[in-house]
Structure formats: C-alpha cells, structure tokens
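# Observations on the model geometry
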Amino acid sequence: MDETPGTVAIDPVCGMKVNPAAPRGGSFDHGGTTYYFCSPGCRTKFAAEPEKWLKQGPRGMHEAVAQPLPLTLRKPGAVSAQPAAPASAKATAGKPSTPPTVWVCPMDPEIRQDHPGDCPICGMALEPDVPAAGASEDDPELRNMTRRLWIASVLSLPLLVMTMGGMAAASTIDEWIPMSARPWIELALATPVCLWAGWPFFVRAARSIRTLNLNMFTLIGLGVSVAYGASLVGVLAPGAFPDTFRDAMGHVPLYFEAAAVIVTLVLLGQVLELRARSRTGAAIRMLLDLVPATARRLRDDAGEDDVPLSAVHPGDRLRVRPGEKVPVDGLVLEGASQIDESMVTGEPIPVHKQRGDRVVGATVNGTGGFVMRAEKVGADTLLARIVAMVAEAQRSRAPIQRLADRVAGYFVPAVVGAAIVAFAVWSLVGPEPRLAHALVAAVAVLIIACPCALGLATPMSIMVASGKAAAHGVLFRNAEAIELLGSVDTLVIDKTGTLTQGKPELTTVSWRDPFDEREVLRLAASLEQGSEHPLAPAIVRGAESRDLAIVSPAKFQSFTGLGVTGRVGAHDVAVGNLALMAKAGASDPDLEDRAEKLRLEGQTVVFVAVDGQAAGLLGVGDPIKVSAAEAVRALRADGVRIVMLTGDSKTTAQAVARKLGIDDVRADVLPDQKAAVVLALQREGRVVAMAGDGINDAPALAAARVGIAMGTGTDVAMAAAGVTLVKGDLRGIARARRLSRLTMANIRQNLFFAFIYNAVGVPIAAGVLYPVFGVLLSPMIAAAAMSFSSVSVITNALRLRRAKI
C-alpha cells in the first residue's frame, strides 16, 4: 500500500479513494505496509483490528443495513429481540439507516421484540426502548385501545341506561321495551363490547394462564368471562340455574351491563395509562427533536452543499451559521461564537467557542458563524450517548422493585383464592339469591385487585427521574444508582480533571531585570515548542494568548529530568528545574524563594535562563473548576464527608484542598491504590461514592457503591460509573442527590397507593361491609377503582417532572 505522492490509495475499511499525499484520516503502519484512510474513524477501526479488515476487505463502514431482529425465548412465552449478525450487503452509499426499533416492557425490561405488542409476562403494552422524535401520540397501541374505547362506550351507555333505568322513579323505559325483549337487546349490545372491544384482554388472560405468568389480565379475563358467560347462559338456557340463583320474581339476574361497563372502564384506564406513559419519554423525545435534519458541508473546491445529517462523516468540514444548530460533535476550525448548550448540560449561560474548542451536536449557535470539523457522528455523538444512557436507566430495575416483584408473584393466586372464598361464603350463608350475590362478590374481587399499580410503582418514577436528570446534565446509567445516591454519606473525589480543569494553564510569569515579562515568556515558549514535557503546551498557549511572536529554536536539546536548552534568535535559552539552572550557572536565591511560594499555591514552577543569567520563572497550574467550591460547600452542608484522592504531591494537593475547604486529603496515591481507599472506607460502614474522570479512576469508580464520572473525561471512566456529569460540573452531584431522594419518596408513595387500594378494596369487594351496612360493591365500581389506581400511580410519578432540584 505504500504510494508515491499523487497516486491513489484505497481505504482498507470503507473502500474510498484516498490521496496518500494528504490523507484526511491519516495513515497507519502494519506489517511493514502503510495504509491510508479517508477519516479518523476508519483509521481507528483499522488500528483496533487490522487483520480483520485485511482479511474481509473494505465493507463500507460509513453505512449500515437495518436487519430484522431474530426472536429468542427469554421466559416461558416471552420473546426477546437480539441484534442480528452484520449483513454482508452494502447499504446505499451515504445513507446509514436507522437501527430497527426495539419494543420493550416498562415493567419487565428483559422482554424485547422487533414489533409492537404486549408483554407475555405482565400483559402491558410494549413501548419503544428509545422514544422516536416527533409526535408522541403516534402509538399503535394507543390508537387501537382508543378505537375500542369509543365503540365500547357507544354500546355500553344505552345498555347501562336501559338496565339502570328501571331504578329511576320517573323512568318509562319499562313501558318502551317489553321485559321479554330486554335480555336479547342486552345480549346484542354487550356481545360486541365483551367479545370484540375486550378481546385483547381475553387473549392476554389466556396466555398468562398458559405460560403461568398470572397478571392483571388474568383477573380481568376471569371476571368479565364469568359475568358475561353466566348472563349468556341465563338468556339462552335459563332453566339451567337453580332457585338459589333467581330473584324474588323468579328471574335469572343478568350481568351484561356489568361485563360491558367493566370492559369499557378497563379500556379507559388503558388509554389514560398509555397517554401518561408516553409523557415519561418526553425528555428523550425533546433531546431527539434537537437534532438538525441537514448540515452545510464545505467542498474541497471551496463550494458548499446542504446535505442530510446521515451523509456527514468524521473529518468533514461544516459551516454553522448564526442561529443554526450545531449538526454533530466536532472542533472549531475558524471563527467564534456563543453556543447555547442548556438543552444538554442544563446550564443557561451561553459558552464562548473559538478556534480549537469543541462543540456538541444539537446545541444552538448564537450570533457568530464558524467552520468546524466533524469528529463524532451518528451514535457516537454526545447527544446519542445521552439518549442511550437515559433509555438504559429507564429500563433498569431499582433494588426496591424486588419488594414489589415478590409481592406480585403471590398476589394473583391469592386474589383468585380470595374470590373463590368469597363465592363459597356467599353461596353458603349469604342472603337470597345466594348464588347471584356470590357471583357478584367473586367478580368484584377479581376486578378490583389489579396488580398493575403495584408493578408500575417503581418503573414510572425511574423513567421520569432519568429524563429529568438528563435535562439537568446528569446521566444515570441504571435505577440502582438513582436509589443509592441519596443515601451516600462519603464522596471520594479525584483532584485532576474533577476538582480542577485537568488542563494545565500558565498562571504566573516572574522575571528579573534586565528582562521583562513578555521577553521571558516569548523565549521560553519558543524553546518549549519542541519539548514533550506535559507543561510545555501550557507555556506555548500562554504565549499565543498574549500574541507573542514565537520562533523556531536552533540547537534544541532535551535533558530527561532537567529541562530543555537551545538557541532562540541571538540568545542561548534554558528552561527547566533548579538542577538545570545550576548546570547553566544561572542559580538565583530570590527566584527560588518566589518559586516556593508558588508551589504552596499548587503551581508547578520552571526556571528560565538566558545567556547564562537567571531571567525569570514560569508558574503552571491546573485551575480549580469554577463550580467546585460551591459544589463542595453544598455537599458538606448536606452532611457528606469529602475526601480528596490524588496521585499529585502532598503540597499541591493541600493547596487545592485549602481553597476548597476540604480537610481529608489522600495524596501520592497510585492508580491501583485508589480502589483500596474506597473499599477501606466502605469497610468502615460508609456508603461511598467516587467521582473521577480518568482511566486510572475506573477501578475506584467500579468499587464504590456509586461511581460518578465526568462527561469531559475518558470513555473508560464513564463505562465504569453509574452516574455521568455531562459537563463535569460537580454541582450536578448535589442536584442528583436531591432527585434521588425525591424519587425514592415518590416510589414509596406509589407503593403505598398500590397496597392501600388492594388492602381496602379486596375486603370491601368480598362483602365485609354487607352485614353491617348492607353494601355490596358492584363489579362496575370495582373496575373504576382498579383503573383509577393505575392512573393515580402514573400521575404521582409524573409529579417528579415539576420537582425543583
């Protein structure tokens, strides 16, 4: 693959033609051969697995083909969609297709399939794992249930009026409709409601019994089928019933209106629930709606084209005009502007961006225009990763859910048993007609004891909390992190990149006559251009920010552990530590005293000598984040113990700790010792959270009860953490703790609602009030109470959207 300038090379990953003289994605040497790439993304893929790409050849990895998701069995009767193997065919050039929607259950997130439907475990309607951008009401299940609700309502209303009309004092219904015809009219009105509008409930009930996953639809199916079936037999074969089932007039009681109204009320509850559930994904849809449809791409001939966002690749140059949205993540190449990042970070103040700064896709440009280079597109953008993490958190299960799961496992069989007991008691000792009263009591017990509210209590709160946190720049990886963060009493914080910016800056320039500040810095920066020392870029950036004329040095030499020397213009310059100054004969006690004071402030000092004379010194520091002090104060006021953990020297660490008011400092800690510190604190009985941003923090983040990663840090740290602060703002921890506590309180309220409904409703439905008050709960009232219990739980969860954190 070695090419002479001017010839054409082929990208081994995507197959595109590349000019070896100026490869946009760079080059990579493997096996003695140099390969050239069209974009940094292709180079990264090849560098990770070169043998794979050389063996299979270019496959157009800029493109993807959506494949059907094969279904696999996860539980008895439960299907789950797994990603298909990569397709061998190439997609249409420049048009990556959207991955197929995966439908999941909010109560049983392990249920996944590639099409809408209902959960084979709990019977609830499935919903997309990631809500689609655009109209939230485009829900096939909601449309289906709404249509059934309207038809059921139209048929149930006259049925209810006809059967209840005889109870009204001035009713003339009995005069209009002969008693002999009424049973057949009731049958005609109730049959479409029960057998068509309520058919999905019967299907779910039958499957729940077949797979032994008993759920709310088991109870609904049994209750409606018993009421409708007994009434049907009463019309077609009234002689089949004994006298104990007949009223004082010798008639067989019919419950068509009860069966039809139960179906209608359950449908109403389903519609209200589906609408409310759609609102829990509002935060994700809001983020998805931010993505612009097109980007303005610059051509090599200086022209510009508006292209679909799917056609943008890493390395493309894009123009962002005033007022437009930033199309993808990238780096500013030309121009400057103020960017509104509030929809991603939660911070309302626009951020100034100029050449060399990174910008985030879907944020809003201000009045300035700029040219950027695309670096991350599609699923690699920050917005896409935020959406993925929020969706993952919403589908996870909090530890507190285990209580509801255990109760639900025994709940339905217990309710069926209670219904049987109620039927038996009423049949034996109830008033006449005994069997009729027994049937009413049994059906009411089955209908009112719906476990849906119990199952929704935790997932709905978690879904709302995850979305709200994302809107404030805090990403929860799972529900466990939401539950645990509020109980944390100790926060271990890494210094560099977490409390500080993690990017050294030139903070001090000190000089001696006959030199001045600008000359000392200009000479040092000119020499440091060739240095590999970590502080060298900070010195060069400091000179550039002051518009100093930096020149290329001559006779450059680097001395490990000492510094660098060289000739800048007409001067011999040395930049380094005291040992190098002594070697150059440029020691100066006054500068050494100044250096010690700077070290106590947390700065790292390098000395500058010019032509064998001490010329000055430079102080480089890692600035403390603007939000760090406020965050530390808020957390300490909340009773959290703060521990600073760093590999830096004790002097530097304590200088930062003094400014922030942190008393517990652990310095000179090696990367493999950080996790040991966290574990030691946990052995003391503390609930520990760890905040960090680097690869070396990953073991400690994983060891802590809650790991908190900076979104400005490494992907490894974010993968090991349960919480990510999008912009690395530590104030997000205090917000997340408040949200955690509010969420747990909300979940407990939901569980209380769910339990109290059943604790009160089941005995009343069974008839415990009848001996004293003569009250027997109608199955229709039981159906209304059942639907209200689910809706009330969801409505309570939605209150979290308005909570102030």
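From a predicted model like this one, the values you see are computed outputs, not experimental measurements.

Attention now goes to a nonpolar patch on the surface. A surface patch of nonpolar side chains, amounting to about 400 Å² of accessible area, comprises Val421, Val425, Leu428 and Val429. By secondary structure assignment, the location of valine 425 is in helix H12 (residues 401–429). You can call valine 425 partly exposed: its relative accessible area is 43%.

Next up on the list: the sheet that holds strand E28 (residues 664–666). One open sheet accounts for seven strands, arranged E19-E31-E30-E29-E20-E27-E28; its pairing is mixed. Lying at the two open borders of the sheet, with one neighbouring strand each, are strand E19 (474–476) and E28. When the angles between neighbouring strand axes are averaged without regard to direction, this sheet yields 20 degrees. Sheet analysis places strand E29 (residues 688–692) next to strand E30 (residues 706–710), joined by four bridges and oriented parallel. The residue bridging methionine 690 from the neighbouring strand is glycine 707, located in E30.

When you tally the buried positions in strand E25 (residues 604–610), you get six out of seven residues, the bulk of the element. Pairing analysis gives four bridges linking strand E24 (residues 571–576) to E25, with the strands arranged antiparallel. Counted as the bridge partner of glycine 576 is phenylalanine 607 from E25. For E25 and strand E26 (residues 613–621), the ladder comprises seven bridges, and the chain directions are antiparallel. Bridge pairing links phenylalanine 607 to leucine 617 in E26. Joining the antiparallel neighbours E25 and E26 is a turn of two residues, in which aspartate 611 adopts a positive phi near 55 degrees.

With respect to the helices and strands, the residue alanine 260 is situated in helix H8 (residues 256–280). Counting along the chain gives 65 residues from alanine 260 to leucine 195, while the straight-line C-alpha distance between them is 9.6 Å. With residues up to four places along the chain from it excluded, the contact list for alanine 260 reads Ser156, Leu159, Ala190, Val193 and Cys194.

This brings us to the confidence of the model for the protein chain. Overall, the prediction assigns the protein chain a mean pLDDT of 77, with 78% of residues at 70 or greater. Counting interchain partners and residues more than four positions distant, the pLDDT-below-50 stretch residues 1–6 has 16 contacts. The model gives residues 59–98 a pLDDT under 50, and that stretch makes 87 contacts with residues more than four places away or in other chains.

Position of lysine 625 relative to the elements: it lies in the loop between E26 and helix H21 (628–637). The class for lysine 625 is buried, based on a relative accessible area of 10%. At 3.3 Å, the side chain of lysine 625 and the backbone oxygen of threonine 498 are in polar contact. For lysine 625, the contacting residues outside a window of four places in its chain are Gly497, Thr498, Leu499, Thr500, Gln501, Met710, Thr712 and Gly728.

All told, the structure shown has six aromatic pairs when counted by the stated rule. An angle of 80 degrees between the planes, with centres 5.9 Å apart, marks the rings of phenylalanine 28 and phenylalanine 46 as edge-to-face. Here the residue phenylalanine 28 occupies a position in strand E3 (residues 27–30), and phenylalanine 46 occupies one in helix H1 (residues 40–48), the gap between them amounting to 18 residues. Each member of the pair phenylalanine 28 and phenylalanine 46 is classed as buried. Between tyrosine 228 and phenylalanine 256, the aromatic rings sit 5.8 Å apart at their centres with planes inclined by 65 degrees, giving edge-to-face as the arrangement. With a gap of 28 residues between them, tyrosine 228 in helix H7 (residues 216–236) and phenylalanine 256 in helix H8 connect regions that are remote in the sequence. Across the pair, exposure class does not vary: tyrosine 228 and phenylalanine 256 are buried alike. Taken together through their ring pairs, the aromatic side chains of Phe28, Tyr35, Phe37 and Phe46 make up a single cluster. The ring of tryptophan 196 has arginine 148 lying over it, and the distance from NZ or CZ to the ring centre is 4.7 Å.

Conventions used here
- Residue indices begin from 1 for each chain and proceed along its sequence in written order.
- Only residues with pLDDT of at least 70 are given local features in this predicted model, and only at 80 or more are side-chain atom pairs given and counted; all residues enter the totals for whole chains, interfaces and linings.
- As a rule here, side-chain values come from all non-hydrogen atoms in the structure, and water together with hydrogens is ignored.
- Only residues whose relative accessible area exceeds 30% and that form no salt bridge enter a patch; like-charged residues are grouped when within 9 Å of one another, and nonpolar side chains (Val, Leu, Ile, Met, Phe, Trp, Tyr) when within 5 Å.
- Using a 1.4 Å probe, the Shrake-Rupley method yields the accessible areas, and only the shown protein chains count as cover for residues.
- Think of a salt bridge as a Lys or Arg side-chain nitrogen and an Asp or Glu carboxyl oxygen that are within 4 Å of each other.
- Helix numbers and strand numbers start at the N terminus; a helix is a DSSP run of H or I with at least 4 residues, a strand a run of E with at least 2.
- Burial classes follow relative accessibility: with a 1.4 Å probe on protein chains only, a residue under 20% of its type's maximum area counts as buried, one over 50% as exposed, and anything between as partly exposed.
- DSSP-based pairing: two strands are paired if at least 2 bridges between them are found.
- Each axis is a line fitted through C-alpha atoms, taken for helices only over the stretch in contact, and angles between the N-to-C directions span 0 to 180 degrees.
- Two residues form a contact once any of their heavy atoms are found within 4.5 Å.
- Scored from 0 to 100, pLDDT records how confident the predictor is in each individual residue.
- N or O atoms closer than or at 3.5 Å make up a polar contact, with two conditions inside protein: a donor-capable atom paired with an acceptor-capable one, and, for residues adjacent in sequence, both atoms drawn from side chains.
- Pairing of aromatic rings covers Phe, Tyr and Trp, the last counted by its six-membered ring, and requires centre-to-centre distances within 6.5 Å; plane angles under 30 degrees mean stacked, over 60 mean edge-to-face, and any other angle means tilted.
- Placement of a positive charge over a ring is assigned whenever Lys NZ or Arg CZ falls within 6 Å of the ring centre and within 35 degrees of the normal to the ring plane.

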